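Structural characterization, general
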Amino acid sequence: MSTELLTALVASPDSSPEQLYRLHEAALEALRSTPDVVRDDDLQLTLFCLNALHYDGLDGVDDAWEWHTELGAVKARIEQDFESALRDRVPVPDRPARLTAQPVAAALFDLAASDTSPGLSRYISSKATEAQLREFLIQRSVYQLREADPHTFAIPRLNGRAKAALVEIQGDEYGGGRPERMHSELFAATMRGLGLDDRYGGYVPQVPAITLASVNVMSLFGLHRRLRGAIVGHLAAFEITSSVPNRFYGNGLRRLGHGELTEYFDEHVEADAVHEQIAARDLAGGLVEAEPDLIDDVLFGASAGLAMDGWVTEHVLAAWVEGRSSLTAATMVAA
Ligand SMILES: [Fe+2]
Ligand SMILES: [Fe+2]
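Given the structure is predicted, the values throughout are model-derived calculations rather than measurements.

Our focus in this paragraph is the coordination of the iron ion (ligand 1). Every protein donor of the iron ion (ligand 1) is accounted for by Glu147 (OE), Glu173 (OE), His183 (ND1) and His268 (NE2), and the metal-donor separations fall at 1.8 to 2.1 Å. With 4 donor atoms in place around the iron ion (ligand 1) and angles of 81 to 169 degrees between them, the coordination shape is irregular. When the donor residues of the iron ion (ligand 1) are listed from N- to C-terminus, their spacing reads E-x25-E-x9-H-x84-H. The distance between the iron ion (ligand 1) and the iron ion (ligand 2) comes to 3.9 Å, and Glu173 binds to both of them. Remark: His183 occurs in helix α10 (residues 183-193) and Glu147 occurs in the loop between α7 (130-144) and α8 (149-152); sequence separation between them is 36 residues. When sorted by exposure, Glu147 lands in the same class as His183, which is buried.

To continue, consider helix α3 (residues 41-52). Under the 1.5 Å per step criterion, the end-to-end length of α3 is 16 Å for 12 residues, consistent within 8% with the ideal 16 Å. Burial analysis of α3 places 9 of its 12 residues in the buried class, which makes it a mostly covered element. Buried residues of α3: Leu43, Gln44, Thr46, Leu47, Phe48, Cys49, Leu50, Asn51 and Ala52, and no others. Among the structural elements, α1 (2-10), α2 (17-33), α4 (69-89), α7 and α11 (209-222) are those in contact with the buried residues of α3. You can read the cap of α3 off the contacts: a side-chain oxygen lies 3.0 Å from the backbone nitrogen of Asp42, and it is on Asp40.

Another point: the pattern of salt bridges. A full pass over the atoms with the stated rule returns 24 salt bridges. For Glu4, the salt bridge identified is with Arg22, shortest N-O distance 3.6 Å. In this pair, Glu4 is assigned in helix α1 and Arg22 in helix α2, connecting sequence segments 18 residues apart. Assessed through its relative accessible area of 27%, Glu4 is described here as partly exposed. Residue Arg22 is classed as partly exposed on the basis of its relative accessible area, which comes to 42%. A single salt-bridge network, built from bridges that share partners, covers Glu83, Arg87, Arg226 and Asp297.

This paragraph deals with the coordination of the iron ion (ligand 2). Only Glu173 (OE), Glu239 (OE), Glu239 (OE), Asp272 (OD) and His275 (ND1) from the protein coordinate the iron ion (ligand 2), and they sit 2.1 to 2.5 Å from it. Spacing between the donor residues of the iron ion (ligand 2) along the chain follows E-x65-E-x32-D-x2-H. Among the residues examined, His275 registers a relative accessible area of 0% and is labelled buried.

Right, let's talk about the domain arrangement of the protein for a bit. Structurally, the protein comprises domain 1 (2-89) and domain 2 (101-321). The distance between the C-alpha centroids of domain 1 and domain 2 comes to 25 Å. Counting residues at the interface gives 19 residues for domain 1 and 25 residues for domain 2. When the two sides are added together, the surface that domain 1 and domain 2 hide from each other amounts to roughly 2,000 Å², 66% of it contributed by carbon and sulfur. On the surface where domain 1 and domain 2 come into contact, there are 2 salt bridges. Linking Arg87 and Asp297 is a salt bridge whose minimum nitrogen-to-oxygen distance equals 3.1 Å. Mapped onto the side of domain 1 that touches domain 2, the elements with two or more residues apiece are α3 and α4. Considering each element in turn, the side of domain 1 that touches domain 2 owes the most residues, 7 residues, to α4. Of the residues in the side of domain 1 that touches domain 2, the class split is 7 nonpolar, 3 polar and 9 charged.

Okay, empty space enclosed by the protein next. All chains considered together, the criterion is met by 1 cavity of 30 Å³ or more. Of the pockets and cavities examined, the largest cavity occupies roughly 40 Å³. Looking at the largest cavity, the residues that line it are Tyr143, Glu147, Ala148, His151, Gln170, Glu173, Leu235, Phe238, Glu239, His268 and Asp272. Among the elements of the structure, α9 (160-173), α12 (228-240) and α14 (263-290) are those that each provide at least two residues to the lining of the largest cavity. In terms of residues, the lining of the largest cavity owes the most to one element, α12, which gives 3 residues. Its residues assigned to classes, the lining of the largest cavity shows 4 nonpolar, 3 polar and 4 charged.

Below, the discussion takes up α2. Between the first and last C-alpha of α2 there are 24 Å, a value that for 17 residues agrees with the 24 Å anticipated at 1.5 Å per step. Turning to α2, its buried residues are Gln19, Leu20, Leu23, Ala26, Ala27, Ala30 and Leu31. On an axial view of α2, the arc spanned by its buried residues comes to 125 degrees, and they lie on one face. Residues of α2 that are exposed and angled more than 90 degrees away from the buried face: Pro17, Glu18, Tyr21 and Arg32. Buried residues along α2 sit in contact with α1, α3 and α4.

Here is what the cut-offs are and how they apply
- Residues numbered from 1 in each chain as written.
- Chains lettered and ligands numbered in written order.
- Predicted model: local features only at pLDDT ≥ 70, side-chain atom pairs only at ≥ 80, totals over all residues.
- Heavy atoms only, no water.
- Donors = N, O, S within 2.8 Å, 3.2 Å for Na, K, Ca; no water.
- Tetrahedral: all angles 85-135°; square planar, octahedral: opposite > 155°, others 65-115°.
- Helix = DSSP H or I, 4+ residues; strand = E, 2+ residues; numbered from the N terminus.
- Buried < 20%, exposed > 50% of the residue type's maximum accessible area, 1.4 Å probe, protein only.
- Expected span 1.5 Å × (residues − 1).
- Contact = heavy atoms within 4.5 Å.
- Polar contact = N/O pair within 3.5 Å; in protein donor to acceptor, adjacent residues only side chain to side chain.
- Salt bridge = Lys/Arg side-chain N within 4 Å of Asp/Glu carboxyl O.
- Domains from an automatic or database assignment.
- Buried area = accessible area lost by both parts, 1.4 Å probe.
- Nonpolar A, V, L, I, M, F, W, Y, C, P; charged D, E, K, R; others polar.
- 1 Å grid on protein atoms, 1.4 Å probe; cavity = no way out; pocket = protein on both sides within 12 Å on 5 of 7 lines; lining within 4 Å.
- Points joined across faces, edges and corners; volume = space filled by probe spheres on them.
- Arc of directions from axis to C-beta.

In structure tokens form, the structure reads like this:
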């Protein structure tokens, strides 16, 4: 499926209808035959490449593909199965009794606190080898080198308090007017410091489906207006679960002798202790106060974000416990 897609995309968007027909057939066949769309390397890579058309584009691919009708239909078909798989398997908590900002924020903090997935951050802090630290950065780079972009798509879809809150958070994520302080750039600096490739997408071919899925879910929520509650909930959960783990990640880098490369992580210990309050109360709480019907999607987005994070962590730790690489092409990351 992903090979068919990339073959189609290097051609002109006005290319033959047969090619697009083949692409659609390939998508249907891949969706029919996969045991699990969430963990399917081929389908998640396909979705990742299709989403990339809405961000920085793909090298050698005509930007006109972004709004190509038939290609959009292929994407919609894959996303339909992806979203229903998530709605089927992600448990969502009950609504808070009152749909005002404070109880909504409290529900999100409770949800994050009840998350029992084993923390990757503690492993990195106390046990990870140099090679595992590099793998961790590679896994995270698929999102962190574009940090904040999927949630930015929500800005024009919000109003009032929720919109102001999201802009405030995103302003920090993008460095408050200083390009060298952009969180994506701080992450890139850590990667460069460890001799890793900091170009966006450089490691996409090596990460497993579940890592791509954890980024694709943000694009799914961010690029659909009907899912604006979910992207807001996702960001709230992300911010709530960021400050403490980032302290541990920083500790892991210091333990391995990379104390000069911890700026990205140190920044998040501070920034996200503030962001979590704004995201839970003003962004998510403010949105639900304005649009109470969105409460279920806010909780779904938060739960899906936490679940995804847990699944990625399980994948990585399972590999490491068995002495394997968590990447699909392990040879690249020898320390
Ligand atoms: Fe950040
Ligand atoms: Fe943040």
